[in-house]
Amino acid sequence: MNERPTPSAHKGAVHRPVIHDSAERHVTGSALYVDDMPELPGTLHIHVGMSERAHARLRAIDLQSVRTAPGVVAVLTAGDIPGVNDVSPVHAGDDPIFAEDIVEYAGQPIFAVAAETLQAARNAARLARIDYEELPAIITLDEALAAATDLAPAPELRLGDPDAAISASPHRLSGTLHVGGQDHFYLEGQVAYAIPGEGADMLVHASTQHPSEVQHLVGCMLGVPDHAVTVEVRRMGGGFGGKESQPALIAAIAALAARRTGRPAKLRLDRDDDMVMTGKRHDFRLDYELGYDADGRIQGARFEFAARCGRSLDLSNAIADRAMFHADNAYALPNAYVHARRMKTHTVSNTAFRGFGGPQGMMAIERAIDEIAFALGRDPLEVRRANVYPADGSALTPYHMAVTDSVLDELTEELAASSDYRTRRAAIRASNAESTAIKRGIALTPVKFGISFTTTHLNQAGALVHVYKDGSVHLNHGGTEMGQGLFVKVGQVVAEAFGIELDQVKITATTTAKVPNTSATAASAGSDLNGMAAAAAAQTIKARLAAFAAKKHNIAEEHVVFEAGRVRIGNQEMSFAELAHQAWMGRVSLSSTGFYATPDIHYDRATGRGRPFYYFAYGAAVSEVAIDTLTGETRLLRVDILHDAGRSLNPAIDMGQIEGGFIQGLGWLTSEELWWNDEGRLRTHAPSTYKIPTANDRPDDMRIAIWAKGENREPTIHRSKAVGEPPLMLAISAFSAITDAACAATGYRAFPRLDAPATPERILMAIREATGRAGKK
Amino acid sequence: MTSVSMTVNGKPASGEVEPRTLLVDFLREHLRLTGTHVGCDTSQCGACVVHVDGTAVKSCTTLALQCEGADVLTIEGLAQGDQLHPMQEAFREHHALQCGFCTPGMIMSAIDIINRHGGVPDETTIRHELEGNLCRCTGYHNIVKAVIAGGEAMAPGRAAAE
């Protein structure tokens, strides 16, 4: 079912599986990432000195030997910062670039060394003598809850009367689930290259999803207006949310070194430093209590979440909010209560990661539904289908938004049929009875994911389009390319608008100098927002061209039509290039900005009500697993995915997002385990100890399809749907399938309360605990 | 400093390096061949794979001096003018990349797999042999497809002799 790209037919049109615009450069090694750019003469290299304690007072920082070490040009501390020592993305003032009196995580930057070579900087940094006075450190989420270290108040969502509904239900259950965090492990680590200009000007090449924020925070750090700082990014070697707020720290240190020395300065973290110093996905504790009827229909639900935020606020409020918004996942809850506490710990400040709290939020209800099905002796799919949001729009989310675009009933049934779920489930149960050591499990789980930044004002985007007098087009917009294919999609939109070939459109690096005040390329909203902004810019130029041609040829404007490389003007035809040339001769402006703000969205955080999302993206997956009950090892045998990408702008790109998102989610829920020791030091800071999926972890049989009936009911760009984050949560099907297999290991006598990630150890512990409970019955 | 000489992508290359200089740094910094990437610095992710005397090595844990007199091939040396190597062409056509950072190392490993097996091994073998090359964007599916297609184009009709 895989869409094959058609590389030879480089047609501009949307809805075609066009290959990635950088594919040729990627395969020849000529695609430039920040660290590949030619270095200017005099470029300095930076190494950061980090705290070795999780929580301590800095009694003395002795950097004398660092300053005098060979090759060292500058040693930078908080005192060297001309402006504000803070890179908090929410201006909370709690993300110092360099620690001043207190350190609050092991890995926190204290100073930086800029030297002639990276080796010299690294060697010099080791000579620092830091005198720490240790303070009590809170490392785990449970310690934070015990000490009530809430960073911010937790708002509530409430629909109906959940407590009364739960009490009145014929059946009830409650439980707790711990879900681990995740390192982004973008293959290209954090990097920034700062080049001082004349006066106060600073140019920063940064690997960032959020150039405007890097610009602003570097400006604040230097004490200069935003206009003095330009941030540019052509591409990232992966982002996944890890380059949303985190790059500001890296860019600020590079820019500070450049300002203090007057020389270009580069900071590239090596992998271990990157993993220790920068934020990750939040781990969560999820407590749930549900009441349900004999058919498994949920009558009322209470969700009490707690997120480990680490040492500062960063984006934790929005992330915990999104976890709350997804506590219902795909299920209509007539009565619900949701809240999520935001806990401070003395660990690295956790941050955005694909799904942005949504994946963690969904885990509780998916576990609960598996448990309901076990209690009632039913197929979990039946219970899921009994609870999914109806297509008729009658159900409200816990934040009182009517779900009017649900395709869950149709989509899950289509997938159940195409994957042969029911037959396979029966066969698996039969074979489990025959097999002692190896147990198999299967699960179908749906995803409903809200699309829009829940912070409403972020839902805006700008673009800049120039048509040159030879008919070639320069495209720029505020979105950033991290491999997801945003640039080619927006390029297709513009090529479609002008009726030209995609290779006539030059897709250019994101820069704050061309499009200002942009939002992060995040929340899956890149194509939705920037595609619309670019289309608006193209439309403005098209309207000018049409008016010019109509006047010149004395016909009505509607008779000027742009299509397939030609422009029809009444009965005549000319190439787009000819018209562009004539319009230039006729002194018509061929450049325009474009702007888009998502309509109809609003949310009141105080009352927990509104329409925070423009629409929902849907999908479902079936996973089949086998576990070895002697070792706890898991193998994913087969995965079937049906995903709603609306009318896909580019099916080849979207297939890549679906498959990649699933595998990344699989890593989060099965093999990727972050582990801090009692002193708060991360001990899994390299791929040797932190295991992301390899080619060999991918299921042997993986069948992915974009839902043929998909079409966005809202007037999004060519009726497509956002596809960056939603597929990650399809991997919950693998977690549920592991739960099913672990349940088989108890002889289906007890429900295994598995935590995530489902490592072999956790699987064995869950089976042992469940078997123990079954034995007592 | 010590002098080192080798052949890189068919051309003589030499320079003055420290004994500790890694091959990847010699390639990237001295020769400006930046298509070879550093992903993990510790020979696990495979973004830095190049060929030394026809064998795939991780250049982030190979000393430049170890390659004295050797024949080194990097991603930049694969294409013949505008003509992509069949494995490059396969990765391009099969959408076997997203952010592209792992792609050069992935392609160099893929060619090595085909060379060592004398043709295209089965899919399970390919997946097993790609374990030393991490990709964080894709689910490896199109990468495996590209290795098969590229391998077949390198040696048409030849299955691996196993």
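In case you missed it, the structure is sitting above this.
Residues numbered from 1 in each chain as written. Chains lettered and ligands numbered in written order. Predicted model: local features only at pLDDT ≥ 70, side-chain atom pairs only at ≥ 80, totals over all residues. Heavy atoms only, no water.

This brings us to the overall build of chain B. Looking only at helices and strands, chain B features 5 helices and 5 strands. Of the regular secondary structure in chain B, the N- to C-terminal order runs β-β-α-β-β-β-α-α-α-α. The C-alpha atoms of chain B give a radius of gyration of 15 Å, which matches the 15 Å a tight globule of 162 residues would have. Counting only C-alpha atoms, chain B reaches 45 × 30 × 30 Å along its principal axes. Among the 162 residues that make up chain B, the fraction classed as buried is 57%. Taking as baseline every contact in chain B between residues at least 6 positions apart, the subset at least 24 positions apart corresponds to 59%. A total of about 6100 Å² of accessible surface is found on chain B, and carbon and sulfur atoms cover 49% of it. Positive and negative side-chain charges of chain B, numbering 11 and 19 respectively, have mean locations separated by a distance of 5 Å. (Helix = DSSP H or I, 4+ residues; strand = E, 2+ residues; numbered from the N terminus. Rg over C-alpha atoms; globule rule 2.2 N^0.38 Å. Buried < 20%, exposed > 50% of the residue type's maximum accessible area, 1.4 Å probe, protein only. Contact = heavy atoms within 4.5 Å. Areas by Shrake-Rupley, 256 points an atom, 1.4 Å probe, with all protein chains shown as cover. Lys, Arg positive; Asp, Glu negative; His and termini not counted. Charge placed at Lys NZ, Arg CZ, Asp CG, Glu CD.)

This brings us to the sheet that holds strand E25 (residues 591-597) of chain A. All names here are of chain A. The mixed open sheet is built from 4 strands, whose spatial order is E20-E19-E18-E25. Here the strands that pair on one side only, and so sit at the sheet edges, are strand E20 (505-507) and E25. Neighbouring strand axes in the sheet, compared pairwise and without regard to direction, differ in orientation by 20° on average. Two strands pair when backbone bridges link them, and strand E18 (residues 460-467) and E25 are joined in this way by 7 bridges, in the antiparallel orientation. Each bridged residue has a counterpart across the sheet, and for Gln460 the counterpart in E25 is Ala597. Contacting E18, strand E19 (473-477) and E20, helix H14 (residues 486-498) runs over the sheet at an angle of about 135° to E19. (Pairing = 2+ DSSP bridges. Axes fitted to C-alpha atoms, helices over the stretch in contact; angles between N-to-C directions.)

Residues and elements named next belong to chain A. Evaluated as defined, the whole model comprises 65 salt bridges over all chains. Across the pair Glu133 and Arg57 runs a salt bridge, and its minimum N-O distance is 3.9 Å. Within this pair, whereas Glu133 is found in strand E6 (residues 129-134), its partner Arg57 is found in strand E2 (residues 56-62), the two being separated by 76 residues in sequence. Judged by its relative accessible area of 38%, Arg57 falls in the partly exposed class. (Salt bridge = Lys/Arg side-chain N within 4 Å of Asp/Glu carboxyl O.)

Okay, the packing of helix H3 (residues 103-117) of chain B against helix H5 (residues 141-154) of chain B next. Residue and element names in this part refer to chain B. Two elements in contact, H3 and H5, have axes separated by 10 Å at closest approach and are oriented at 50°. Viewed along their axes, H3 and H5 adopt a mutual orientation that is oblique. Here the hand of the crossing between H3 and H5 comes out right-handed. Where H3 abuts H5, its residues Met106, Ala110, Ile111, Ile114 and Asn115 lie against Ile143, Val147, Gly151 and Met154. Here the residues of the contact of H3 with H5 are counted per class, giving 7 nonpolar, 2 polar and no charged. (Parallel < 35°, antiparallel > 145°, perpendicular 65-115°, else oblique. Left-handed = near helix turned anticlockwise from the far one by under 90°. Nonpolar A, V, L, I, M, F, W, Y, C, P; charged D, E, K, R; others polar.)

Attention now moves to unusual backbone geometry. All names here are of chain A. In this chain, Ala756 is followed by Pro757 through a cis amide linkage whose omega measures 0°. In this structure, Pro757 sits in the loop between helix H18 (732-745) and helix H19 (760-776). Phi is positive for Phe240, close to 60°, though the residue is something other than glycine. Here Phe240 lies in the loop between strand E12 (229-233) and helix H7 (247-261). Of the residues examined, Phe240 reaches a relative accessible area of 11% and is grouped as buried.

Take helix H3 (residues 118-125) of chain A next. All names here are of chain A. Taken together, the buried positions of H3 are Ala120, Ala121, Ala124 and Ala125. Down the axis of H3, the buried set is contained in an arc of 130°. They therefore lie on one face. Next to the buried residues of H3 lie strand E1 (44-50), helix H2 (64-67), strand E3 (72-76) and strand E5 (109-115). (Arc of directions from axis to C-beta.)

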